[in-house]
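Coordinates in review
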There are 2 protein chains.
Amino acid sequence: MMSPFTVKEMSEIDEVIERARELVEPDSNTIEKARIAEKEIEARLKKLLKYYPEIEFRFLGSYARDTWLPESLEIDVFLLFPESYTMDELEKIALEIGISAVDTHELRYASHPYVHGTVKGVEIDIVPCYRLSKIEKIKSAVDRTPFHHKWVKERVKGKESDVRLLKRFMKVTGVYGAEYRIKGFSGYLCELLVIHYGSFLNTVKEAARWKRNLVIDPSRKKAHPKKGLENIFVIDPVDEKRNVAANLSINSLARFVEACRLFLRAPSPDYFVPKTPSFDENRLRAEVEGRFVYCVVFERPPVVEDNLYTQLERAEKRIRKLLEENEFSVMKSSHTAGKKCYLIFEVLSGQVSPVKKHYGPNFENYTNSMKFIEKNREYSRFFENGRYMTYRRRKFTEARDLIEHAIRSEYRSMGKDISEFVKKGRVVERSEILKYGELKAHLSDFLGVG
Amino acid sequence: MMSPFTVKEMSEIDEVIERARELVEPDSNTIEKARIAEKEIEARLKKLLKYYPEIEFRFLGSYARDTWLPESLEIDVFLLFPESYTMDELEKIALEIGISAVDTHELRYASHPYVHGTVKGVEIDIVPCYRLSKIEKIKSAVDRTPFHHKWVKERVKGKESDVRLLKRFMKVTGVYGAEYRIKGFSGYLCELLVIHYGSFLNTVKEAARWKRNLVIDPSRKKAHPKKGLENIFVIDPVDEKRNVAANLSINSLARFVEACRLFLRAPSPDYFVPKTPSFDENRLRAEVEGRFVYCVVFERPPVVEDNLYTQLERAEKRIRKLLEENEFSVMKSSHTAGKKCYLIFEVLSGQVSPVKKHYGPNFENYTNSMKFIEKNREYSRFFENGRYMTYRRRKFTEARDLIEHAIRSEYRSMGKDISEFVKKGRVVERSEILKYGELKAHLSDFLGVG
């Protein structure tokens, strides 16, 4: 298939890509620093594992495959336990070893707790998992990692720089990361795409024509559309049933596809340089003053980011639904978290009529018609296309009051870790929202003036 | 079929109906006055028609069948012309004779002009039509009248008082009259129903269970539902294809059915006594102040009522559509005419956001996506379920301004006879509407406080 758009001469694109490689490669100092840390952690683990001869350690992840971005150096070390260990034993021993192996540490939580720390100034994750003969036996998601590493390691050789290009390109586009906050592409997914399509440029060219019903099968080097599919499905080469793109939202997909098209039309190294968020303060103020924008602000609860964002989305949807049920037409809603948490809503009108239409039966329904007549006396009844109608007084005529009511009374359904924080939140509107400086970039984006 | 509701003892209903008969029968003075006028017009027409021996006159309509309501005495005289006359000759001669036959006169217009006048203080219509052997030959609607009369005259004998009851019952319910203003039941339709069901009470009992898909066939004394039918069809006994209820709106039908049910549940002579419209001034003021109600007021154009109401409805629908297109959610709209004309609109919100959502293509559409990106730069773009979106500035944020704009610029599509009057109209809102005293009863009804 030929593109209907002028794709610039290969030489120009190639030139841009070659220049961009310099932007995504770690410099020799960083590499040296990483090597030193790697050697050190290797030495320490060898020593510590003397007492556990059946536990093995391996370097896995982007560091081990040399596909890491210089700004995100983090060495992943996995402790592989025999299946004979219980989950409790595995956790306990892994934490002990992990804490002993690093200079500074904190505990983090994925499927189970693990040690995140530093060695010689480099960030290290020490993650326990089971050493399995077959993928079918996995007990938690991390058990898949050794299989992923094995599949990718050889195949990605010679394409490491292309993976870095793709990761950075996605990062700048705002779609890199499978976490709930981003709903984008994971590092592993980037590697699979570069392996599948052969290069960064080829990935970009192909993605420019992606449709949401595409199935990509890297292990067979095949891709085909599938009827009824609502978002792309990238078959995990080590686990056929699993969609590596399961966390990708349709909007992140669309943003990536758009970025690919724009890059092909006018290639530039800018696509690989992180942007500092900027906004026009005056325009932002004018927009937020003139439009019906409301923001629920509350303290950030101490909960891991993925859980926080899941629950922020839930609270946002709940309030949105309440607004819609009360005939406030929601144009857009959003959520984000910084030092505080924010739920943002823009509605078509901030104020609605004090009465709402109340729908009754069709006149043909004798029984229900008589009941309707008995029951509805606040306003007189009338017909619309033969259907009974009347008015009822509305409880909330102001969107602000309704949102206030929602957070004070309906907070229980807004996510278990955040509900009590939501309840104590405040509703701010119009320019009052600008008091929260950390929200301005997000708000500019939200209002379409970013 | 038995009613699921307590139908009062026949004796009570019968008693109420007997009392009501007195309310609908003309008194002896009125009858005497009518007879005198009848004799007089008969004598005059005999004299005048000496010169046109082939033109015959007949008394038709409710007076001739003795089914008239005392408050609406009007004698219909038809001049029956042979088919050899052209339409022009017929019109010319009929007007000449008509004008000579009455004491005072004015011209009125149905399918063609006719004389409306008075004789000895009684209102008279003198209407020309063709004398036809077969209904298939009719040239205009009035040619059907002699056939209707012939069919009804004998069959309605002994049931005249029941027809009067039904007419008055419908009048009080607000559904009597086939004209565009009412969209209700014609006098002829009332006669057919009483003939079909045998009595007033039986009509009411049956109508209480009517459904909108009912076909009533008086000539065969049959009725049956018909799939897909959207309003009742009463087969004209003299013209099988014609629906006698063609002008009946579904809402007038529903109101009649409801009135029948309420009468059966609690029979009362009140159903036969015209109500003087009343309203609670204070409540009306409170409602109109608190809700988003707008009224276009303009001079009444000199045009017959049916044409006026057709065009008022058209103008109302046009403005309603413009409001909806601009995202003002219209709760209800209406029109009426007194000394002035009124178009009334109630919206959910009087003010909407200065921006509106502008929908683009799905991201999959490469060509249109690129065009969308090129074209929409006022606000930044975003995705909703993979579809391009952006904002655009809205021209009208106030419903009032939009309606003002509509009558000043879009008046041409609002009915040929009224458009220039609409254009010169004013938009009033909230309590300003109450300045128009003649509108208050209609407005109370409109707002559900009638």
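Residues numbered from 1 in each chain as written. Chains lettered and ligands numbered in written order. Predicted model: local features only at pLDDT ≥ 70, side-chain atom pairs only at ≥ 80, totals over all residues. Heavy atoms only, no water.

1. Notes on the domain arrangement of chain A
Examined at the domain level, chain A breaks down into domain 1 (10-24 + 155-272), domain 2 (28-142), domain 3 (281-351 + 396-446) and domain 4 (355-393). Spacing between the C-alpha centres of domain 2 of chain A and domain 3 of chain A amounts to 39 Å. (Domains from an automatic or database assignment.)

2. A look at the sheet that holds strand β11 (residues 330-337) of chain A
Residue and element names in this part refer to chain A. Pairing is antiparallel in the open sheet, where 4 strands are placed in the order β11-β12-β10-β16. Two strands bound the open sheet, and with one partner strand each, they are β11 and β16 (426-429). Taken over all neighbouring pairs, the strand axes of this sheet differ in orientation by 20° on average, direction set aside. Where β11 and strand β12 (residues 340-347) come together, 7 bridges link them in antiparallel fashion. What sits directly across from His 335, in β12, is Leu 343. (Pairing = 2+ DSSP bridges. Helix = DSSP H or I, 4+ residues; strand = E, 2+ residues; numbered from the N terminus. Axes fitted to C-alpha atoms, helices over the stretch in contact; angles between N-to-C directions.)

3. Things to note about the side chain of Ser252(B)
Residue and element names in this part refer to chain B. With respect to the secondary-structure elements, Ser 252 resides in helix α9 (residues 250-265). Using a relative accessible area of 4% as the deciding quantity, one classes Ser 252 as buried. At 2.9 Å, the side chain of Ser 252 and the backbone oxygen of Lys 183 are in polar contact. Sequence-distant contacts of Ser 252, defined by excluding residues within four places in its chain, comprise Val 175, Ile 182, Lys 183, Gly 184 and Phe 185. (Buried < 20%, exposed > 50% of the residue type's maximum accessible area, 1.4 Å probe, protein only. Polar contact = N/O pair within 3.5 Å; in protein donor to acceptor, adjacent residues only side chain to side chain. Contact = heavy atoms within 4.5 Å.)

4. Re the environment of Glu313(B)
All names here are of chain B. As for its placement among the helices and strands, Glu 313 is situated in helix α11 (residues 305-325). Spatially, the C-alpha atom of Glu 313 lies 30 Å from that of Ile 138, the residues being 175 residues apart in sequence. Discounting chain neighbours no more than four positions away, the residues touching Glu 313 are Tyr 180, Lys 183 and His 335. At a separation of 2.5 Å, a polar atom in the side chain of Glu 313 contacts the side chain of Lys 183.

5. Comments concerning a nonpolar patch on the surface
All names here are of chain A. Where nonpolar side chains cluster on the molecular surface, the patch consists of Ile 99, Leu 107, Tyr 109 and Val 304 and spans about 340 Å² of accessible area. Along the chain, Val 304 falls in the loop between β10 (292-299) and α11 (305-325). Given the relative accessible area of 37%, Val 304 is considered partly exposed. (Patch = residues over 30% accessible without salt bridge, like charges linked within 9 Å, V, L, I, M, F, W, Y side chains within 5 Å. Areas by Shrake-Rupley, 256 points an atom, 1.4 Å probe, with all protein chains shown as cover. Salt bridge = Lys/Arg side-chain N within 4 Å of Asp/Glu carboxyl O.)

6. Concerning the side chain of Glu160(B)
Residue and element names in this part refer to chain B. Along the chain, Glu 160 turns up in helix α6 (residues 160-173). Nearest to the buried, unbridged Glu 160 among oppositely charged side chains is Lys 153, at 5.9 Å. For Glu 160, the side chain forms a polar contact with the main-chain nitrogen of Gly 158, separated by 2.8 Å. In this structure Glu 160 touches Arg 65, Asp 66 and Thr 67, once residues within four positions along its chain are discounted. (Lys, Arg positive; Asp, Glu negative; His and termini not counted.)

7. Quick word on the pairing of strand β3 (residues 104-109) of chain A
Residue and element names in this part refer to chain A. Alignment of β3 against strand β4 (residues 113-119), held across 6 bridges, turns out to be antiparallel. Of the residues in β4, the one forming a bridge with Tyr 109 is Pro 113. Counting the residues that bridge the hairpin from β3 to β4 gives 3 residues.

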